[in-house]
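The residues making up each chain are set out below.
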Amino acid sequence: MNRDLCKRTINEDCSILSALELMERGETRTLYRCDSNGVLLSVVTEGDLRRLLLQGQDLNSLVSESSTNQCGKSFIFAHIKDTDSVVYELLMKHRIEEIPLLDDDGRLRSLVSRSDYFEKIPLSNPELNGTEVEHISDALASNWIAPVGPYITMFEEKIAAELETDAEKVVAVASGTAAIHLILASLGIGRNDVVLVPTFTFIASAAPIEYCGAIPVFIDCTADTWGICPESLRKAIIFSIDEYGTAPKVLITADIYGGASDYNLVSKICDEYEITIVQDAAEAFGSTYEGTPSGLQGKYAALSFNGNKMITTSGGGAVIAPDTESAKTVRYLATQAKSDQIYYHHERIGFNYRLSNILAALGVAQINSLADRVSRKILIYENYKKICADIGLQVSWMETVPESKNCRWLTVGRLDNYVVYPGQTIRSLNQKGIEFRHVWKPLHMQPVFVNKRLFSVSDNPVSEQIFKSGICFPSNLDITPGMQFRAVSVLSQLLRDVR
Ligand SMILES: Cc1ncc(COP(=O)(O)O)c(C=O)c1O
């Protein structure tokens, strides 16, 4: 049962007092009384309880001992397979605020309220914890408005604590893209170096390769976890050796949608050829790989804190370096490569990529809720799985690497039995205010990379197949189960229409 339903459900042995306390805690006026199998027995309102007390029942009486016709003997419900418009009509016809959705056996599966129909269902918006203004005001009041200041150090310490690593290895920067660029620059990547990169990722994983004048070579993904395909990786390395006389210097991995690659195998292959792994963990802050926080699987890692990520500084990112010396180089390059002299002295071309103290203050406020956000995102994913199974919508969910935790930044899956691409379904959903998205369009299919090489084990690359049938579900932190039901119900109706 999902977290929201748990807060709204009472069992057969619940007393009037416990029911009232649950209403108080959950700020609700309606509870759902279910038997031990989850079968809905009655709908109990605050008014029902008040009437029972007025009739002389005491607070310790069981709700079930009360006369059933007082406690909602008959109630309005919808079936979980009813379409979103049927559910909406029932809400309107009976002038009720909320309706329970039951499965074939009468078990309570979800609740849908009127407000679920009027609110936009966003893909993933930023969420404030409530302490942001306090921290930003403090940064302003202390006049640390320049792009240095105590909040930067504090934010780096907190990132390090989340990753269970040393704060001196963390460098807060202006964006995730800047983080990747700085890492490549620190590694000395330059003109005509080959850098391997997954094709199935956001362009920011690969754009910094071009900034450095290097050559991106794309690698296909696996069908289950959507991570790097080890066989394709090997093929790309062998090609680079044949074509350029040397193995690539760097492999950028991308932990898209919070997932991971098979890092044990990928690292083994890279070690054989002395290839440095740079982990793009922009979408995976809060995930773990075999118990180790994401961001520690390669030599370097990049995080992103842009508006739709697990936590946000509006725009921002971080480099996780392998040691203090390497982190120093990253800091140096991020601050215009200014040498430690009293006058302005530059021996290299650097960048203006440091995060500002004000934005770091935002990060310090946000990061405290990372664990809570991860568990809420995972619940959203679990709930989608249940709703789709109940409704009969067949989805092949992006799988989690064994022994690992995916923070489920976005819930994503493949609708192989339906037509998703070229996008009419997603357009129609968006017109209804339900923000589904296509999954990443593979980079080797992008006009900007038209002449670049892709390595795959198949003539029909897995990334292209996922692109055609993949979909991102609305995964906003405050999405309700009712909104999730509505999103899936409308999606399923549209897919039936285009099949
Ligand atoms: C996989 C991936 N890499 C890199 C980035 C770049 O991060 P930023 O937007 O902070 O530059 C993003 C997100 O935007 C991303 O999703």
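What counts and how
- Residues numbered from 1 in each chain as written.
- Predicted model: local features only at pLDDT ≥ 70, side-chain atom pairs only at ≥ 80, totals over all residues.
- Near = placed C-beta within 6 Å.
- Nonpolar A, V, L, I, M, F, W, Y, C, P; charged D, E, K, R; others polar.
- Pairing = 2+ DSSP bridges.
- Helix = DSSP H or I, 4+ residues; strand = E, 2+ residues; numbered from the N terminus.
- Axes fitted to C-alpha atoms, helices over the stretch in contact; angles between N-to-C directions.
- Left-handed = near helix turned anticlockwise from the far one by under 90°.
- Contact = placed C-beta atoms within 7 Å.
- Buried ≥ 20, exposed ≤ 12 C-beta atoms within 10 Å, placed from the backbone.
- Right-handed = clockwise from strand over helix to strand, strands pointing away.
- Arc of directions from axis to C-beta.
- Core = buried A, V, L, I, M, F, W, Y, C linked by C-beta atoms within 7 Å.

1. Some words on the site of the ligand
Close to the ligand lie 15 residues; Ser175, Gly176, Thr177, Ala204 and Ser304 are nearest. Residue composition of the shell around the ligand, by class: five nonpolar, eight polar and two charged.

2. A word on the sheet that holds strand 4 (residues 78-79)
One open sheet holds the three strands; their spatial order is 4-5-6, and the pairing between them is mixed. Lying at the two open borders of the sheet, with one neighbouring strand each, are strand 4 and strand 6 (108-113). In this sheet, strand 6 lies alongside strand 5 (residues 98-102) in antiparallel orientation, the contact comprising five bridges. Residue Leu102 lies in a different strand from strand 6, and its bridge partner there is Leu108.

3. Brief notes about the packing of helix 8 (residues 176-186) against helix 12 (residues 324-334)
Running from N to C, helix 8 and helix 12 point in directions that differ by 115°, and their axes come no closer than 10 Å. Here helix 8 runs over helix 12; the crossing is right-handed. Across the interface between the two elements, Leu182, Ala185 and Ser186 of helix 8 pack against Ser326, Thr329, Val330, Leu333 and Ala334 of helix 12.

4. Re the sheet that holds strand 1 (residues 9-10)
Taken together, three strands build an open sheet; the order of strands is 1-2-3 and the sheet is mixed. Taken across any chain shown, the strands that pair with only one partner, and hence form the sheet edges, are strand 1 and strand 3 (40-45). Of the strand pairs in this sheet, strand 1 and strand 2 (residues 30-34) are connected by two bridges, and their pairing is parallel. Residue Ile10 lies in a different strand from strand 2, and its bridge partner there is Arg33.

5. Observations concerning the pairing of strand 11 (residues 276-280)
In terms of burial, strand 11 is largely enclosed, as four of its five residues are buried. Inspection of the sheet shows strand 10 (residues 250-254) paired to strand 11 by five bridges, in the parallel sense. Bridge pairing links Ala254 to Asp280 in strand 11. Each parallel crossover has a hand, and for strand 10 linked through helix 11 (residues 263-272) to strand 11 it is right-handed.

6. Some points on unusual backbone geometry
Even without being glycine, Arg95 reaches a positive phi, approximately 50°. Within the secondary structure layout, Arg95 lies in the loop between helix 4 (84-93) and strand 5. The phi dihedral of Trp226 falls on the positive side, at around 65°, and the residue is not glycine. Following the sequence through the fold, Trp226 ends up in the loop between strand 9 (215-219) and helix 10 (230-244).

7. Examining helix 15 (residues 424-431)
Listed as buried for helix 15 are Thr425, Ile426 and Leu429. In a view along the axis of helix 15, the buried residues occupy a sector of 95°, so they form one face of it. Residues of helix 15 that are exposed and point over 90 degrees away from its buried face: Arg427 and Gln431. One or two steps after helix 15, the chain reaches Gly433, where phi turns positive at roughly 85°.

8. Here we look at helix 12
Turning to helix 12, its buried residues are Ala327, Val330, Leu333 and Ala334. Projected onto a plane normal to the axis of helix 12, the buried residues spread over an arc of 120° and lie on a single side. Residues of helix 12 that are exposed and angled more than 90 degrees away from the buried face: Thr324 and Glu325. Taken together, the buried residues of helix 12 touch strand 7 (170-173), helix 8 and strand 15 (317-320). At the exit of helix 12 stands Gln336, carrying a positive phi of roughly 65°.

9. With respect to the nonpolar core
Of all hydrophobic cores here, the largest spans 144 residues; its most connected members are Val171, Val173, Ala179, Leu182, Ala318 and Val319. Among the elements that make up this core, the one with the highest residue count is helix 13 (residues 357-367) (eight residues). Ignoring anything within four residues of it in the chain, the contact list for Val319 reads Val171, Val173, Ala179, Leu182, Ile183, Tyr300, Ala302 and Val330.

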